[in-house]
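Chains, contacts and geometry: an overview
The chain contents come next:
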Amino acid sequence: MSTPSHQHDLEYQQVPLGAVDTPFQVSADAEGVTVTGSCPRCHGHSTTTIPRGMAGTKGLFPWSKAKPPSEAEQAALVVSETFFCECGFAHADQPEILFFVGCGAQWELKPNSGSTP
Ligand SMILES: [Zn+2]
Ligand SMILES: [Zn+2]
């Protein structure tokens with residue numbers, strides 16, 4: 001394992017990183033889709049759950065209450081989201097009001113190669 005360690009020295013900064021290649025694990029259940037991985041900026045562990053039926057998602061949650069979304073649905077959802085660092089660490093210069101406690105990075109995930117229709 002050669003995971004880079006969490007860069008605690010980084011100051012909070014809102015940095016749009018664009019689409020990244022960082023490997024993230026995606027899991028889904030009836031509650032929503034959870035994306036887990038390391039922040040591409042500070043390398044802190046970041047977990048984002050996209051709740052089923054979250055407001056403002058433009059009907060991207062068509063799956064039924066009883067069963068989790070298919071892998072294709074998960075993939076489509078994940079690439080449509082913008083992720084924010086949620087490493088939970090109090091990076092320097094963090095604003096007082098913060099929706100996501102992290103380093104301020106935001107990114108999108110590149111579509112998984114291999115699952116191209
Ligand atoms: Zn971060
Ligand atoms: Zn961090």
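Okay, so let's go over this structure.

The rules behind the values
Residues numbered from 1 in each chain as written. Chains lettered and ligands numbered in written order. Predicted model: local features only at pLDDT ≥ 70, side-chain atom pairs only at ≥ 80, totals over all residues. Helix = DSSP H or I, 4+ residues; strand = E, 2+ residues; numbered from the N terminus. Contact = placed C-beta atoms within 7 Å. Core = buried A, V, L, I, M, F, W, Y, C linked by C-beta atoms within 7 Å. Buried ≥ 20, exposed ≤ 12 C-beta atoms within 10 Å, placed from the backbone. Arc of directions from axis to C-beta. Pairing = 2+ DSSP bridges.

Examining the overall build of the protein chain
The helix and strand tally for the protein chain stands at one helix and six strands. The contacts of the protein chain with a sequence gap of at least 6 include a subset with a gap of at least 24, amounting to 65%.

Observations concerning the environment of Gly104
On the secondary structure map, Gly104 appears in the loop between strand S5 (83-84) and strand S6 (105-109). Considering only alpha carbons, one finds Gly104 and Tyr12, 92 residues apart in sequence, at a separation of 5.5 Å. Excluding anything up to four places from it in sequence, Gly104 contacts Tyr12, Gln13, Gln14, Val15 and Cys85.

Brief notes about the nonpolar core
Core analysis: the largest hydrophobic core is formed by 18 residues, its most contacted members being Val33, Cys39, Cys42, Cys85, Cys103 and Ala105. Taken together, the elements giving at least two residues each to this core come down to strand S3 (32-38), helix H1 (71-80) and S6. A total of three residues in this core trace back to one element, the largest contributor, which is S6. The contact partners of Ala105, leaving out residues within four places of it in the chain, are Val15, Leu17, Cys39, Pro40, Arg41, Cys42 and Cys85.

A look at H1
For H1, the set of buried residues is Gln74, Leu77 and Val78. Buried residues of H1, viewed axially, fall in a sector of 95°; they line one side.

Considering unusual backbone geometry
The phi dihedral of His43 falls on the positive side, at around 65°, and the residue is not glycine. Note on placement: His43 falls in the loop between S3 and strand S4 (45-51). What makes His43 buried here is the crowd of 20 C-beta atoms within 10 Å.

A look at the sheet that holds S6
Taken together, the three strands give an open sheet; going across it, the order is S1-S6-S5, and neighbouring strands pair in mixed fashion. Looking at the sheet topology across the chains shown, the edges are occupied by strand S1 (15-20) and S5.

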